[in-house]
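These are the residues of each chain, in order.
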Amino acid sequence: MKSIKFDYSNSLLIKESELKKLSKQLVKLDNLVKTKRGAGAEFLGWYDLPINISSKEINQICAVAEEIRKNSDAFVCIGIGGSYLGAKAVIEAMCGVFNLLTHKPQIFFAGNNISGRYLSELLNILQSKKNIYVNVISKSGTTTEPAIAFRIVQNLIEKKYKKNSQKYIIATTDEKKGALRKMADTAGWRSFIIPEDVGGRFSVLTAVGLLPIAVAGIDIKKILKGASDMKKILDTAAPEKNIAMQYAAARYLLYSKYNKAIEILVNYNPELHYIAEWWKQLYGESEGKQGKALYPASCDFTTDLHSMGQWIQDGVRNIFETVLEIEKTNLDLKIPFAENDLDELNYIAGKQVDYVNSKAMQGTIEAHTDGNVPNLKISLPELNEYYLGQLLYFFERACAISGYLLEVNPFDQPGVEAYKKNMFRLLGKK
Ligand code: PA5
């Protein structure tokens, strides 16, 4: 069985002996995850989610997704943070950036900002659509951003479908608590449950992520298979072979011993942009507490080599780079030959575009390590559902260990309340 790989051989600083020294602690911390005894234990439901999710629920998700795919030309996915990033990341990675423009149904994300222009433009587009389904996702059921967007889309749907509007609204929320649960029960909307012991940013493998992903036509069973295979690997692998422990330990050493305060997750494939956004939330919200933790940043290469490349090569040496590599891409084309060669590209005519991309990656890693930027690498054999499932679970598991190494509770987010308190006061909320 192939699996994703982790490589720290270009980290410049980390020695095998340092990782070995951490082994015992890593096993102990990972055990806290497995036995659900660590800080935030009440939110460790994601740990066995890929094997615990029932076939009944998977089949229900697939059936509703199929109905939406068959009957609609627009699907609106409303949610913020952990309630949309996982779905957005997987959908874009699998469908590709341009295919989404003509996808049927067209998929829209809303409720992840409070912009009047964004919502007005969305409403204009939705008004021209024949059939619209909305999936409103909120664990707490009280988050302002999705609540505003949903009220606007709900109005549209109720006006459009009148007494039949129930059919077109699907809520994903807590089983018992929150305004959204109350609304769904009162109106009789179909709903999916977010397990109580799974926090937002760890919820991509629940209906939160799986329903929108299935609506996009992506095989969620293969994603879950990848995730459960990764769980099996991580449950049994010794520390020196355990990629979640190795990644958590490497970033911990770079941060705490070598003063690298920023981790930049870089990709060379534009369809991975939102995987990095999902990852930023996972690590940022899980670890940024008590004045500690790496700042998780991201860059899309080679795009950002023409904007951030200078900073990375020559700026403050407090960064390291983690490259997300796809070993074998599945859609490619050749660079054509030009008779006059005015652009002087004939030296690579006949080569595949992704071959050039791989050389750009190799050259960049060389340049950045020469510039004293430690490099870590996570490689996916291919970009498909199975390896994405592995990747999501790997990042979640490593994040838990990494948070425990920092001695923080990786499963709460008390700091997120500060802006809300001020906003509610300024808005006069009672
Ligand atoms: O990880 C988290 O818990 C948060 O980022 C939430 O996902 C986000 O704030 C949205 O919350 P909710 O699903 O309750 O609307």
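The preceding data block contains the structure.
Anyway, here's the lowdown on the structure attached to this text. (Residues numbered from 1 in each chain as written. Predicted model: local features only at pLDDT ≥ 70, side-chain atom pairs only at ≥ 80, totals over all residues. Heavy atoms only, no water.)

## Structural notes on the overall build of the protein chain
Summing up its helical and strand segments, the protein chain has 15 helices and 10 strands in all. Here the protein chain has a C-alpha radius of gyration of 22 Å; the compact-globule value for 430 residues is 22 Å, and the two agree. Split into buried and exposed, the 430 residues of the protein chain put 53% on the buried side. When the accessible surface of the protein chain is split by element, carbon and sulfur atoms take 53% of a total near 20100 Å². (Helix = DSSP H or I, 4+ residues; strand = E, 2+ residues; numbered from the N terminus. Rg over C-alpha atoms; globule rule 2.2 N^0.38 Å. Buried < 20%, exposed > 50% of the residue type's maximum accessible area, 1.4 Å probe, protein only. Areas by Shrake-Rupley, 256 points an atom, 1.4 Å probe, with all protein chains shown as cover.)

## Re helix H6 (residues 144-161)
For H6, spanning 18 residues, the distance from its first C-alpha to its last is 25 Å, which sits close to the expected 26 Å at 1.5 Å a residue. Regarding H6, the residues found buried are Thr144, Glu145, Pro146, Ala149, Phe150, Val153, Gln154, Leu156, Ile157 and Tyr161. (Expected span 1.5 Å × (residues − 1).)

## Section: the nonpolar core
Ranked by size, the top nonpolar core spans 120 residues in total, and within it Trp46, Ile91, Tyr247, Leu391, Phe394 and Phe395 carry the most contacts. By residue number, the principal contributor to this core is helix H14 (residues 385-405), which donates 14 residues. Ile264, Tyr268, Ala297 and Met361 belong to the second-largest nonpolar core, a separate cluster that totals 13 residues. (Core = buried A, V, L, I, M, F, W, Y, C linked by side-chain atoms within 4.5 Å.)

## Section: the site of the ligand
Neighbouring residues of the ligand: Ile80, Gly82, Ser83, Ser138, Lys139, Ser140, Thr143, Gly200, Arg201, Gln281, Glu285 and Gln413. The backbone of Gly82 places a nitrogen or oxygen atom 3.0 Å from an oxygen atom of the ligand. One of the side-chain N or O atoms of Ser138 is found 2.6 Å from an oxygen atom in the ligand. Protein coverage of the free-state accessible area of the ligand, which is 380 Å², stands at 87%. In terms of residue class, the shell around the ligand is made up of 1 nonpolar, 8 polar and 3 charged. (Near = heavy atom within 4 Å. Polar contact = N/O pair within 3.5 Å; in protein donor to acceptor, adjacent residues only side chain to side chain. Nonpolar A, V, L, I, M, F, W, Y, C, P; charged D, E, K, R; others polar.)

## Here we look at the sheet that holds strand E8 (residues 295-300)
With mixed pairing, 5 strands are arranged side by side in an open sheet as E1-E10-E9-E7-E8. Two strands in the sheet have a free side with no partner beyond their single neighbour: strand E1 (5-10) and E8. Neighbour-to-neighbour, the strand axes of this sheet turn through a mean angle of 25°, independent of strand direction. Judged from the 6 bridges that link them, strand E7 (residues 262-267) and E8 form a sheet pairing that is parallel. Counted as the bridge partner of Val266 is Cys299 from E8. Here helix H11 (residues 273-287) sits on the sheet in contact with E7, E8 and strand E9 (319-328), set at roughly 175° to E8. (Pairing = 2+ DSSP bridges. Axes fitted to C-alpha atoms, helices over the stretch in contact; angles between N-to-C directions. Contact = heavy atoms within 4.5 Å.)

## Side note on unusual backbone geometry
Comment: phi is negative for the bulk of residues other than glycine, and the bulk of peptide bonds are trans. Along the chain, Lys104 connects to Pro105 via a cis peptide bond; the corresponding omega equals -5°. The topology assignment puts Pro105 in the loop between helix H4 (85-95) and strand E3 (106-110). Each neighbour pair has its own omega, and for Phe301 with Thr302 the value is 5°, a cis peptide bond. Structurally, the position occupied by Thr302 is in the loop between E8 and helix H12 (309-314). For Lys36, which is not glycine, the phi torsion reads 55° and is therefore positive. Among the secondary structure elements, Lys36 is positioned in the loop between helix H1 (16-34) and helix H2 (49-52). A residue is classified by how much of its surface remains accessible, and Lys36, at 29% relative accessible area, is partly exposed. Positive phi, normally seen in glycine, also occurs at Asp341, with a value near 50°. With respect to the helices, strands and loops of the structure, Asp341 is situated in the loop between E9 and helix H13 (353-370).

## Things to note about the side chain of Asp30
Its place among the elements puts Asp30 in helix H1. Its relative accessible area of 1% is what places Asp30 among the buried residues. In this structure, Asp30 is in contact with Leu234, Met245, Arg397 and Ile401, ignoring residues within four places of it in sequence.

In short, geometric facts, not functional conclusions.
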